[in-house]
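Here are the chains, one letter per residue:
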Amino acid sequence: MDIEIQLATEEQKKQKPADSELVFGKIFTDYLFEVKYENERWGTPKIVPYHPFILDPATTVLHYAQEIFEGMKAFRHPDGSIHLFRPYKNAERFNRSAERMSMPTVNKDLFVKAITELVKLENEWVPNSPGMTLYIRPTMIATEVALGVHPSDKYLYYIILSPVGPYFKTGFTPTKVYVASTHIRAAPGGTGEAKTGGNYSPTLWSQQKAKALGYPQVLWLDAVERKYVEEAGAMNIMFVIDGEIYTPPLDGTILRGITRASVIELAEDLGYVIHEEPISITDLIDKILDGSCNEIFCVGTAASITPLGEIFYKGESYLVNDCEVGKITQHLYDELVGIQFGKIPDRFNWMYKVQ
Ligand SMILES: *Cc1c(COP(=O)(O)O)cnc(C)c1O
């Protein structure tokens, strides 16, 4: 499982941007990790200078979207050390996605080792400024050259890194969601649970519609009844009702967020009551209107915990807690982000030290 490393020349290395210039996912580091799969086995894993891929126009991923990915972050702690957040959870989910998409799985230790070695080599790219991280994107694509609809017999697994700024440019302020009532994200028996590219392009239509109305995020309902709240864009969702926390159950159409699982554990540890139960959009709106639901927040790697201040559903908008950040949301955010950035002791053993 040794990883071959090909060092970049000084000319191949990029100018590093100032932390203040960072936005999400536009700049990539000097190296990538790659390994090819053919003849039913993985080849030599390599870390090489970042480079474009040359793909035949008939490469299967370009036609039928046999592709999976992961999203995770490396955090710099006050002592300068670098840590990943629960990387084995991403390895497990990557392999679940691989099975759903008829792709080969990756050895979990290699998955984590590849990230660790790559981040170690790129440690200067891990931002030092508060709230900034190095985003990690493991990806697998089908690379057989063929137009027939069948599982590819060749794959490329690669990892790229991107330094990213804080999600909240204006601080920890509530966002707004548009509830999609005509389109759906995932249906029972479909691929909603897999992190596969094809789940995202069909959501762009609703996202555009939401943006035009001034809502940066879409909230999805279940595909069968268009009634139960599922999740938001690339984040799971939680509600505080009468002081207790509710989140939709994992029923196969919702992505199994690692932040979601961690916030459930954290909330229980902090003494909150948390329920995994379906909640209908109409019940939710009733509870927002009578004040019993006074906090809603979204959870995911990109934005950790995002408070939600306004919901738009079928032509009406509803304010949650007067668009102020709620107490429980703030408490969970401070704890989670505190652990991730090494400001609070990691009592769950979630952080995985890179060097
Ligand atoms: C990645 C993702 C999430 C969040 O998962 P995390 O592991 O917490 O980052 C939620 N929903 C969707 C659709 C996603 O793609």
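Here the structure is a predicted model, which means the values were calculated and not measured.

About the cut-offs
- Residues numbered from 1 in each chain as written.
- Predicted model: local features only at pLDDT ≥ 70, side-chain atom pairs only at ≥ 80, totals over all residues.
- Heavy atoms only, no water.
- Domains from an automatic or database assignment.
- Contact = heavy atoms within 4.5 Å.
- Buried area = accessible area lost by both parts, 1.4 Å probe.
- Salt bridge = Lys/Arg side-chain N within 4 Å of Asp/Glu carboxyl O.
- Polar contact = N/O pair within 3.5 Å; in protein donor to acceptor, adjacent residues only side chain to side chain.
- Helix = DSSP H or I, 4+ residues; strand = E, 2+ residues; numbered from the N terminus.
- Nonpolar A, V, L, I, M, F, W, Y, C, P; charged D, E, K, R; others polar.
- Phe/Tyr/Trp six-rings, centres within 6.5 Å; stacked < 30°, edge-to-face > 60°.
- Buried < 20%, exposed > 50% of the residue type's maximum accessible area, 1.4 Å probe, protein only.

Chemist: Looking at this model, I keep getting lost on the domain arrangement of the chain. Mind explaining?
Modeler: The accessible area lost on association of the parts is a frequent measure of interface size. The domain boundaries assigned to the chain delineate domain 1 (4–164) and domain 2 (175–340). For domain 1 versus domain 2, the separation of C-alpha centres amounts to 28 Å. On the domain 2 side, the residues contacting the 21 residues of domain 1 number 21 residues. Both faces combined, the contact of domain 1 with domain 2 buries some 1800 Å², and carbon together with sulfur accounts for 56% of it. One can count two salt bridges joining domain 1 with domain 2. The salt bridge involving R96 is made with E193; its shortest N-O contact spans 2.8 Å. Run the count over domain 1 and domain 2 and you get 12 residue pairs in polar contact (both at pLDDT 80 or more). Elements supplying a minimum of two residues to the side of domain 1 that touches domain 2: strand 5 (67–69), strand 6 (72–76) and helix 2 (87–100). Counted by class, the side of domain 1 that touches domain 2 contains nine nonpolar, four polar and eight charged residues.

Chemist: What should I look at first to understand the packing of aromatic side chains in this one?
Modeler: Any aromatic ring pair is given by two values, namely how distant the centres are and how the planes are angled relative to each other. In this structure the tally under the stated criterion is 17 aromatic pairs. For the ring pair F28 and Y50, a centre distance of 6.0 Å and an interplane angle of 15° mean the geometry is stacked. Here the residue F28 occupies a position in the loop between strand 1 (4–5) and strand 2 (31–38), and Y50 occupies one in the loop between strand 4 (46–49) and helix 1 (60–64), the gap between them amounting to 22 residues. Owing to a relative accessible area of 24%, F28 belongs among the partly exposed residues under this scheme. Taken together, the aromatic side chains of F33, Y37, W42, F94, F111, Y155 and Y157 make up a single cluster linked through ring pairs.

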